[in-house]
Amino acid sequence: MRDAQDAGSGRIVSVVGGGVAGLSAACALAEAGLGVQLVERRPYLGGRASSYRHPGVGEVIDNCQHVLFGCCTNLMGFYQRIGVADRIRWSSEMTMIEPGGRRSPLGPSRLPAPLHSLPRFLTAKAFTLRDKLALARAFRSLMRPIPADSTETLGPWLARHRQTKGALNRFWRPVIASALNADLDSIGLAYAAKVIRELFLNSAEAGSMGLSTRPLGELYAGAAEYLRRRGSSVLCNAGVESADWDEGAAQWVLPAAGGVLRSDFLVLAVPFEAMAKLLPCLPPAPGANRLAAQLARHEHWPICSVHLWFDREITTLDHAVLLDREIQWLYNKDRLQPWRGGRGGYVELVVSASRTFAALSQEEAIAQACRELAEFFPAVGSARLEKAVRIKEMRATFGVPPGIDALRPASVSPWPNCFLAGDWTATGWPSTMESAARSGHLAAEAICQRIGEPRTILDPDAKPQGLMRLVRPEEPILASAAI
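Residues numbered from 1 in each chain as written. Predicted model: local features only at pLDDT ≥ 70, side-chain atom pairs only at ≥ 80, totals over all residues. Heavy atoms only, no water.

(A) Fine view of a nonpolar patch on the surface. A cluster of nonpolar side chains, Leu111, Leu115, Leu118, Leu122, Leu467 and Leu470, forms an exposed patch at the surface whose accessible area comes to about 550 Å². Relative accessible area serves as the criterion here: at 40%, Leu111 is assigned to the partly exposed category. (Patch = residues over 30% accessible without salt bridge, like charges linked within 9 Å, V, L, I, M, F, W, Y side chains within 5 Å. Areas by Shrake-Rupley, 256 points an atom, 1.4 Å probe, with all protein chains shown as cover. Salt bridge = Lys/Arg side-chain N within 4 Å of Asp/Glu carboxyl O. Buried < 20%, exposed > 50% of the residue type's maximum accessible area, 1.4 Å probe, protein only.)

Here's what the structure looks like:
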């Protein structure tokens, strides 16, 4: 293989969309020696995983708490490429808290996978013996491959496997439904099985949790610097509403703020609803109608976060799972991001897959969050709330019902020299930053293949460890060439 600075020399790629998908594609292509024009309609990078200064509270906040895990190999590969991997704080511990304050700390032991979490799970007070037996029964079943043509959703499967009320309310809803951001009855069994295997069975390392110690926007500033150092450009506040293919010049022509961009290749790395709006403004092409039909079948699910600033520290925990209430996760931002220099009173609460909570007014949502938080941490009762804001990301993720993979297109598009990226494309992963990073790497690989400079950009999956190495791999629905 030729040196990266020589590969693809003279070829220009326009990447539309500055979220994780577009950034990962752009940086991988710049590393391969292509010239990149990254175009983002917002004034900042990161898409749905970004940060900004909120005018109402005067604080820099993430639009929602984003978490990665040890199994997110491509997201970490992207962070390593742009030099910000050291800004991720890793933890293998998770604390579940019941109203009233009783805690159940969970985490790995020295036992081999998939038994590594068993000792602390068996002593967890949050679950009764019946709950533990039910969860063990479900986990054992999910170690086996899920048929590629499965049409079963997680809810009926859990009922069939005799899951208790405690197992449903204290594990499947706050952990798995939260991870996939959808109701149990709306989640395809194959994706639920993938989450269980990746986070809880394959290895302790794969299930370790990573959190950024800096605002997400600072991570992506590293991507902008990476591109500029390699002669590429980043254009913010530059929305793209159409694209034309110049057949004679074999180039894409993009009207954008400040002028017209021309490039040999085009990567459309936008959310699926933005792609649907862009379709009528692209040249006619065989397969475009099929893509439109696929996009029309996707469904959004919301995520809400409540940011609270108290006048004192209310907990020494970095993060926790909050049980039996609307709020599900707590992140202690002053501890996770010590650069803030706060007094330990800034916490973020996350509510996934709740259209009811999203429908509340700002005042109602904050009041409910504070009321519930006080049930877990008594210090809230004596603390003064200095400022608060609820953030709604109504289009946070796409749903993963049975059959969703048939609606997820590959990176190669119906148009010449045009490629698709986004967490909604065929990555084999649910709607996550990892899926977005994988999609960007797949699009970059496809372009390198097209110019005759093939290279492996997609980072390999985290390998199962311990006894999980003996378990038969998953079937093609989740182990296709798109992964």
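Here the narrative resumes.
(B) Structural context of the pattern of salt bridges. Under the counting rule described, the total for this entry stands at 24 salt bridges. For Arg214, the salt bridge goes to Glu218, with nearest N and O atoms at 2.8 Å. The class of Arg214 is partly exposed, set by a relative accessible area of 24%. Asp311 serves as the salt-bridge partner of Arg312, at 3.0 Å between the closest nitrogen and oxygen. The exposure class of Arg312 is partly exposed, given its relative accessible area of 36%. Residue classification places Asp311 among the buried residues on the basis of a relative accessible area of 14%. Ionic contacts of the salt-bridge type, sharing partners, join the residues Glu98, Arg102, Arg170 and Asp324 into one network.

(C) Representation of the packing of aromatic side chains within the structure. Inspection of every chain in the model, using the stated rule, returns 12 aromatic pairs. Residues Tyr44 and Tyr52 carry aromatic rings whose centres are separated by 6.3 Å and whose planes lie at 15° to one another, so their mutual orientation is stacked. You can call Tyr44 partly exposed: its relative accessible area is 26%. A centroid spacing of 5.6 Å and a plane angle of 55° characterise the contact between Phe139 and Phe171, whose relative ring orientation is tilted. Separated by 32 residues along the polypeptide, Phe139 in helix H4 (residues 129–142) and Phe171 in helix H6 (residues 165–180) bring together distant segments of the chain. By relative accessible area, Phe139 is classed as buried at 18%. Site record: aromatic cluster; members linked through ring pairs are Phe139, Phe171, Trp172 and Phe200. The lysine or arginine in question, Arg230, covers the ring of Tyr226, its NZ or CZ lying 3.6 Å from the ring centre. When the ring centre of Trp309 is taken as origin, the NZ or CZ atom of Lys387, which lies over that ring, is 5.7 Å away. (Phe/Tyr/Trp six-rings, centres within 6.5 Å; stacked < 30°, edge-to-face > 60°. Helix = DSSP H or I, 4+ residues; strand = E, 2+ residues; numbered from the N terminus. Lys NZ or Arg CZ within 6 Å of the ring centre and 35° of its normal.)

(D) Spatial organisation of the packing of helix H2 (residues 73–82) against helix H15 (residues 433–450). At a minimum axis distance of 7 Å, the contact between H2 and H15 shows a crossing angle of 70°. With respect to H15, the element H2 is oriented roughly perpendicular. For the element pair H2 and H15, the recorded crossing hand is left-handed. From H2, Thr73, Asn74, Leu75, Phe78, Tyr79 and Arg81 reach across to H15, where they touch Met433, Glu434, Ala437, Arg438 and His441. Considered class by class, the residues forming the contact of H2 with H15 number five nonpolar, three polar and three charged. (Axes fitted to C-alpha atoms, helices over the stretch in contact; angles between N-to-C directions. Parallel < 35°, antiparallel > 145°, perpendicular 65-115°, else oblique. Left-handed = near helix turned anticlockwise from the far one by under 90°. Contact = heavy atoms within 4.5 Å. Nonpolar A, V, L, I, M, F, W, Y, C, P; charged D, E, K, R; others polar.)

(E) Up close: the sheet that holds strand E7 (residues 94–97). Here we have seven strands laid out as an open sheet, ordered E8-E7-E16-E17-E18-E15-E19, and mixed in their pairing. The two strands at the open ends of the sheet, each matched to only one other strand, are strand E8 (103–106) and strand E19 (385–398). In this sheet, adjacent strand axes meet at a mean angle of 20° when their direction is disregarded. In this structure, E7 lies alongside strand E16 (residues 319–322), joined through two bridges in parallel fashion. Bridging from a neighbouring strand, Ile97 pairs with Leu322 of E16. Packing of helix H13 (residues 362–376) onto the sheet brings it into contact with E7, strand E15 (300–310), E16, strand E17 (329–332), strand E18 (346–352) and E19, and relative to E19 it is tilted by some 105°. (Pairing = 2+ DSSP bridges.)

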